Each structure stands twice: as C-alpha cells, then as structure tokens.
Amino acid sequence: MPLKKPAEIQEMRPAGRFVAHVLSSLREHARLGMTTKDLDAHAHGLIDEAGARSVYLGYHPSFGAMPYPGVLCTSVNDHALHGLPSDRVLEDGDVLSIDFAAELNGWVCDSALTFQLGTQTPEAQRLIATTEQALDAGVAAALAGGRMGDVSAAIGRIGRDAGYGINGDFGGHGVGRTMHEDPHVPNLGRRGTGERLKPGLVIAIEPWFMAGGDGYEVDDDGWTIRTADGSLAAHAEHTVAVTRDGPVVLTARD
Ligand code: MF3
Ligand code: CO
C-alpha cells in the first residue's frame, strides 16, 4: 500500500484545491441547453489556465473501446459512471454527475459531484443527499488504525438503509502520482475486515448509488456505465488523506 509522507500530502493540496475549484465552477456554469461537451471545454480551459494536466484525456485501459476523449466524466440520469462528454443537451430535471481528476505539481486528485438541473425532484434530491451522506460517512471512517472494511461498510450501510442499489464492481482507489493506485476502496464491505489504514494513505472514496436495483450495463463504447433498470444514479467522490490527526479531505469545496 503506497504511503505518503506528511510533506507529500501537503504537496498534494494544490491539486486538491484545483480539482475542487473546477467542480464548483462547473456547477455554477452548467445551464439547461448546454451540452456535456460544453462543460468539458469549460474544464479544459481551466486546466490550461492553471498549468494543470488532464489525467483522463487519452487514458486507455483495456475496457475502453477508444482512448478517453474528454477531461471530465459527465453521467446524466441513468448513466452512473464514465459518461463521455457528448452533444447531449442538458434538459430540465437532468441529474448530472461530473467526475474530474487532474494533475498539478506532479500530484493527482480526483473528485466528483452530482446535482440536478432546473426543476428539483424529491426522488433525485434524496438520492443525491444519500450519496453525499455515504461519502461523509466513508470519510469519517478513514481513520488510522482502522480497516478498509470500516470505510466500505459505512458507505454500504447508508445506501442499503435508504433502499438503493449498490454494485461492488466499481469503487474508490488509491491516488497519488497517478490517478489509480492500490488499494481498492469497495463500496460494500464488513467492518473490521480488509487492509489496515495507515497514516499517509491517500484514497479516493466514491460511493455511487442507483435508485433501483444493483445491476448495471456497459455501453458499446466500453466506458459508459448505465443502471440496468434505467433508474437514476448518483456519484460523489473526494480524495482523502488518512493522517494521525484524522481524515483530511484534499478536494473539499467551500
Ligand atoms: N475518476 C474516475 C474514478 O474515480 C475514473 C475516470 S476514468 C477516465 O476512478 F477514463 F475518465 F479517466
Ligand atoms: Co473520479
């Protein structure tokens, strides 16, 4: 398990602040009638301005049909994760998840948020709020001396208690010099099991819940993860450092 020294965690802070700033700016900027590609272009401009680097653009793991074409994942409604920025126009009531990671000063941070455009509906609001609560609970459980299963169980319990679908195939991950490091951070698990959490561990914690069942499907592009039953999905993510003084959220937004 890769561990960072306290000075290295300090070095990650500008990347965390930058990622937080871009997500806040996208949330401000998002309007009905825009496309998800417009949002991607906005984020790209902020990356260039800051002298940062996208870790999504051109990323090509084996499952992708093509290298990743954007700097954001934009997943709308039943699209849960890894939605490709496209000409899809944002419509009233759309539930938009934006996942963004970037490198600044040689360090990567990764974060995501979900919000609804235009008319707010109770179903979507409850799903989004529950996903954020699960993220908060996962962060609170990221304590030195604890176990990875404490984080997973905290997330999973909140999702299950709310009656939401959870799929264990995608979860959080270590973050550092690159976007994906060990260890895996599952969204389901049992307290007291799994790796021991140590000071210096930096992980992306990222619950994603589905309003319906646990199943998902992958589009032909190899990227887009959709709920199998067409129900809404929401995703929330922060990059968190485990320290002797407790969890530090590197991607906290004001
Ligand atoms: N940031 C996502 C995660 O939380 C992964 C994005 S995949 C990419 O793991 F291709 F878009 F980069
Ligand atoms: Co992410």
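Residues numbered from 1 in each chain as written. Chains lettered and ligands numbered in written order. Predicted model: local features only at pLDDT ≥ 70, side-chain atom pairs only at ≥ 80, totals over all residues. Heavy atoms only, no water.

In the annotation of an unreviewed UniProt entry, the protein is listed under the name Methionine aminopeptidase and assigned to Cellulomonas shaoxiangyii. Per UniProt, the comment on the protein under Function (unreviewed entry) is "Removes the N-terminal methionine from nascent proteins. The N-terminal methionine is often cleaved when the second residue in the primary sequence is small and uncharged (Met-Ala-, Cys, Gly, Pro, Ser, Thr, or Val). Requires deformylation of the N(alpha)-formylated initiator methionine before it can be hydrolyzed." (UniProt positions renumbered as here; feature names shortened; annotations may be inferred.)

S.K.: An account of the site of ligand 1 is requested, with residue identities and associated values reported.
M.R.: In the region of ligand 1, 13 residues are neighbours, and Y56, D110, H173, H180 and E206 sit closest. One of the side-chain N or O atoms of H180 is found 2.8 Å from an oxygen atom in ligand 1. E237 is positioned such that a nitrogen or oxygen atom in its side chain is 3.2 Å from an oxygen atom of ligand 1. The fraction of the free accessible surface of ligand 1 (340 Å²) that becomes covered by protein chains is 96%. Residue composition of the shell around ligand 1, grouped by class: six nonpolar, three polar and four charged. (Near = heavy atom within 4 Å. Polar contact = N/O pair within 3.5 Å; in protein donor to acceptor, adjacent residues only side chain to side chain. Areas by Shrake-Rupley, 256 points an atom, 1.4 Å probe, with all protein chains shown as cover. Nonpolar A, V, L, I, M, F, W, Y, C, P; charged D, E, K, R; others polar.)

S.K.: I'd like to hear about the environment of E206, residue by residue, with values.
M.R.: Mapped onto the elements of the fold, E206 is located in the loop between β8 (202-205) and β9 (208-210). For E206, a relative accessible area of 7% gives the class buried. Separated by 21 residues in sequence, E206 and V185 place their C-alpha atoms 8.2 Å apart. In this structure, E206 is in contact with D99, G171, G172, H173, N187, H235, A236 and E237, ignoring residues within four places of it in sequence. (Helix = DSSP H or I, 4+ residues; strand = E, 2+ residues; numbered from the N terminus. Buried < 20%, exposed > 50% of the residue type's maximum accessible area, 1.4 Å probe, protein only. Contact = heavy atoms within 4.5 Å.)

S.K.: How would you summarise the coordination of the cobalt ion (ligand 2) if you had to cite specific residues and measurements?
M.R.: Protein-derived ligands of the cobalt ion (ligand 2) are D99 (OD), D99 (OD), D110 (OD), D110 (OD) and E237 (OE), with the metal-ligand distances lying across 2.2 to 2.8 Å. One chain supplies every donor to the cobalt ion (ligand 2), and in sequence these donors are spaced D-x10-D-x126-E. Here E237 lies in the loop between β12 (233-235) and β13 (238-243) and D99 lies in strand β4 (residues 95-104), a separation of 138 residues in the sequence. (Donors = N, O, S within 2.8 Å, 3.2 Å for Na, K, Ca; no water.)

S.K.: I'd like to hear about the pattern of salt bridges, residue by residue, with values.
M.R.: Here the structure, examined in full by the defined rule, presents six salt bridges. A salt bridge links E181 to K4; the nearest nitrogen and oxygen atoms lie 3.0 Å apart. Here E181, found in strand β7 (residues 181-185), pairs with K4, found in the segment before α1 (6-29); they are 177 residues apart in sequence, far enough to count as distant. Just as E181 is buried, K4 falls in that class too. In this structure, E217 engages R226 in a salt bridge whose closest nitrogen and oxygen atoms are separated by 3.8 Å. Note on E217: relative accessible area 38%, which makes it partly exposed. (Salt bridge = Lys/Arg side-chain N within 4 Å of Asp/Glu carboxyl O.)

S.K.: Hey, could you go over the UniProt feature "binding site: a divalent metal cation 2" (unreviewed entry) in the protein for me, with residue numbers and the actual values?
M.R.: The UniProt feature table records "binding site: a divalent metal cation 2" (unreviewed entry) at D110, H173, E206 and E237. A compact arrangement is adopted by the annotated residues: their sequence extent is 128 residues, whereas the largest C-alpha distance between any two is 10.7 Å. Discounting residues that sit within four places of it in the chain, H173 has contacts with D110, M179, H180, E181, P183, V185, I203, A204, E206 and E237. Polar side-chain contacts of H173 include one of 3.2 Å to the side chain of D110. Engagement of the side chain of E206 in a polar contact is seen with the side chain of H173, the distance being 3.1 Å.

S.K.: Hey, could you go over helix α4 (residues 148-161) for me, with residue numbers and the actual values?
M.R.: Taking 1.5 Å of rise per residue, 14 residues should cover 20 Å, and α4 covers 20 Å from first to last C-alpha, within 8% of that figure. For α4, the tally of buried residues reaches ten of 14 residues, placing the bulk of the element in the interior. Considered for burial, the residues of α4 that qualify are M148, G149, D150, V151, S152, A153, A154, I155, G156 and G159. Of the surrounding secondary structure, the elements contacted by the buried residues of α4 are α3 (122-140), β7, β8 and β9. (Expected span 1.5 Å × (residues − 1).)

S.K.: Pulling in residues and values, what's your account of the sheet that holds strand β10 (residues 216-218)?
M.R.: Read from one edge of the open sheet, three strands run β3-β11-β10, paired in antiparallel fashion. Taken across any chain shown, the strands that pair with only one partner, and hence form the sheet edges, are β3 (79-81) and β10. Strand-to-strand, the axes of this sheet are offset by a mean angle of 40°, without reference to chain direction. Both β3 and strand β11 (residues 225-227) contribute to a ladder of two bridges, which runs antiparallel. The residue of β11 that forms the bridge with L81 is I225. (Pairing = 2+ DSSP bridges. Axes fitted to C-alpha atoms, helices over the stretch in contact; angles between N-to-C directions.)

S.K.: Tell me about the packing of aromatic side chains, residues and numbers included.
M.R.: Under the counting rule described, the total for this entry stands at nine aromatic pairs. Each ring, one from F170 and one from W208, has its centre 6.5 Å from the other, and the planes form 65°; the classification is edge-to-face. Within this pair, whereas F170 is found in the loop between α4 and β6 (172-174), its partner W208 is found in strand β9, the two being separated by 38 residues in sequence. Overall, the relative accessible area of 1% leaves W208 in the buried class. A centroid spacing of 5.7 Å and a plane angle of 70° characterise the contact between F170 and Y216, whose relative ring orientation is edge-to-face. Here the residue F170 occupies a position in the loop between α4 and β6, and Y216 occupies one in strand β10, the gap between them amounting to 46 residues. (Phe/Tyr/Trp six-rings, centres within 6.5 Å; stacked < 30°, edge-to-face > 60°.)

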